[in-house]
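Observations on the three-dimensional arrangement
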Amino acid sequence: MSKEKDLAHGILSTVGGIQNVELITHCMTRVRITLRDESLASVEELKRVPGVIGVIEESTLQIIVGPGLVEKVSRVIADISGVELGEVIPLEKTNGVSDKEKAAGLAAQNKEKYKQRNNTPVKNFLKSISNIFIPLAPAFVAAGLLAGITSVIGNFITAGQLSGEGWAQFNLILNVIKNGIFSYMAIFVGINSARVFGASPSLGGVIGGATLLTGMKPELPIHNLFTGEPLIAGQGGIIGVVLAVWILSVIEKRLHKIMPNSIDLIVTSFVSVLATGLLTIFLIMPFAGFVADNLLIAVNWLLSVGGAFAGFFLGGIWLVMVMLGLHHIMTPIHIELIAQTGMTILLPILAMAGAGQVGAGLALWIRCRKNKQLTGIIKGALPVGVLGIGEPLIYGVTLPLGKPFVTACLGGAFGGAVIGYFGNVGAMSIGASGIEMLLLIADGKWWVYLLGLVTAYIFGFICTYLFGTPKEAREPKEA
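Residues numbered from 1 in each chain as written. Predicted model: local features only at pLDDT ≥ 70, side-chain atom pairs only at ≥ 80, totals over all residues. Heavy atoms only, no water.

**Points about helix 12 (residues 330-341)**
For helix 12, which comprises 12 residues, the first-to-last C-alpha distance of 16 Å matches the rise-based estimate of 16 Å (1.5 Å per residue) to within 8%. Helix 12 sits mainly inside the fold: 9 of its 12 residues count as buried. Taken together, the buried positions of helix 12 are occupied by Met330, Thr331, Pro332, Ile333, His334, Ile335, Glu336, Leu337 and Ile338. On its buried side, helix 12 packs onto helix 5 (121-133), helix 6 (137-158), helix 8 (185-197), helix 10 (237-258), helix 11 (261-323) and helix 13 (347-350). (Helix = DSSP H or I, 4+ residues; strand = E, 2+ residues; numbered from the N terminus. Expected span 1.5 Å × (residues − 1). Buried < 20%, exposed > 50% of the residue type's maximum accessible area, 1.4 Å probe, protein only. Contact = heavy atoms within 4.5 Å.)

Pasting the structure below:
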């Protein structure tokens, strides 16, 4: 049996079998399983399954297995269930449930318990942001790397090291592909927001597209009701799109309740789009534009005044935000900064947190070399950590041990301080981190980012080697 099949069967054996799985999805490193009955799952046994790096219990059971492998394992589980990945698994597809009504009732009870426990405005907001942007992660990664490649080729062309019309045209084509997501981000976000808020995805895409002001004539501009100046395409960015689609969902749901079935499809769609579209153009875009502009001012002020201290704080606190699930709120902020200035000056600083993890992992590998079980996990987690995917190191190594998590945060803080000291170091795209982000750094300041990375590696290593290695982790243990 292949590695992914062994891992998939190992996971299912600890969560109550396929009959207890209602939905299977995944992100870049985590298999996400929605359970029918949470009491049938043994999280402690799940953590001991070979190949499982860590487990997070939220609205879904999130099993960290690492990039690449996560998609294969998820598809194996989906194949076992008999439905496509991401589709709800009907009770008819499960072999171990005989009483459908009882199972369905149990699932409803468990969901209600979870809702009561986690139904807070902050958690619901963060969950919505996560669900909107996580599906776009593959596109961010691809577009980000393309942005880096086009930047490097462009620099070579400018310096005369690459010449000829062929290279210029090739670079132009790569830019066209890259711009496919960022030019039409509003539409993608509109569709995903509609899914999250319970509106029609196609209508969400229409509202997102409306913010691009396609077809607007310069001689007949729409004026901002608050400033009197012409409205700019994309003003308010994706912050405005998310707000607008939420309003769309409210209007559409209300109309569905009152419209006769015979005219529901036509009238509800038309009125929802018209009402929301007008609100979006005349109110939401100017308001969201005001918010976005002041957000940019606040970020620039923080880093220009705070400098190295601000970088130290942001680089040090980022892992804690990731652990608490608060990191998703930064995605729309990064995108908005890129839309306004061509780069996000926050991302290079925050990326230092992952570099601190790498330094901590190296220190543990050396100091805990007799612990074969731990070093085996580290060997698998370090390469992807260098590439900027830190979850295997966080949840598989440093966080379970305690002290190394703190010293890794210190490493990230020192790396952030270096970048904050030099200032105005920005990434042209999101989706890449770690050493990969060197390709994305704007204005030739890649060397500052590299200096920050090396600093975070070194301080993460030193702090962990001297102060962050628990005694029990150094004790011999077989893999």
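Text resumes after the structure shown.
**With respect to the packing of helix 16 (residues 391-401) against helix 17 (residues 403-422)**
Close contact between helix 16 and helix 17 brings their axes to 3 Å; oriented N to C, the two are set at 105 degrees. In terms of axis orientation, helix 16 runs roughly perpendicular to helix 17. Only Lys403, Pro404 and Phe405 of helix 17 make contact with helix 16, whose side of the interface consists of Ile394, Thr398, Leu399 and Leu401. Its residues placed into classes, the contact of helix 16 with helix 17 shows 5 nonpolar, 1 polar and 1 charged. (Axes fitted to C-alpha atoms, helices over the stretch in contact; angles between N-to-C directions. Parallel < 35°, antiparallel > 145°, perpendicular 65-115°, else oblique. Nonpolar A, V, L, I, M, F, W, Y, C, P; charged D, E, K, R; others polar.)

**Focus on the pairing of strand 2 (residues 30-35)**
Counting buried positions along strand 2 gives 6 out of 6 residues, so the element sits mostly inside the fold. Neither face of strand 2 is open: one carries Arg30, Arg32 and Thr34, the other Val31, Ile33 and Leu35, and all of them are buried. Sheet topology note: the strand 1 (residues 21-26)/strand 2 ladder contains 5 bridges and is antiparallel. Bridge pairing links Thr25 to Arg32 in strand 2. (Pairing = 2+ DSSP bridges.)

**Quick look at the packing of aromatic side chains**
Applying the stated rule across the entire model yields 6 aromatic pairs. Taking 5.3 Å as the distance between ring centres and 90 degrees as the angle between the ring planes, the aromatic pair formed by Phe312 and Phe414 counts as edge-to-face. Placement of Phe312 in helix 11 and of Phe414 in helix 17 is noted, with a sequence separation of 102 residues between them. Given the relative accessible area of 31%, Phe312 is considered partly exposed. Look at Phe461 and Tyr465: their rings are 5.7 Å apart centre to centre, the planes differ by 15 degrees, and that puts the pair in the stacked class. Residue Phe461 and its partner Tyr465 are both found in helix 18 (residues 446-467); the two are separated by 4 residues, about one turn of the helix. A relative accessible area of 25% places Phe461 in the partly exposed class. (Phe/Tyr/Trp six-rings, centres within 6.5 Å; stacked < 30°, edge-to-face > 60°.)

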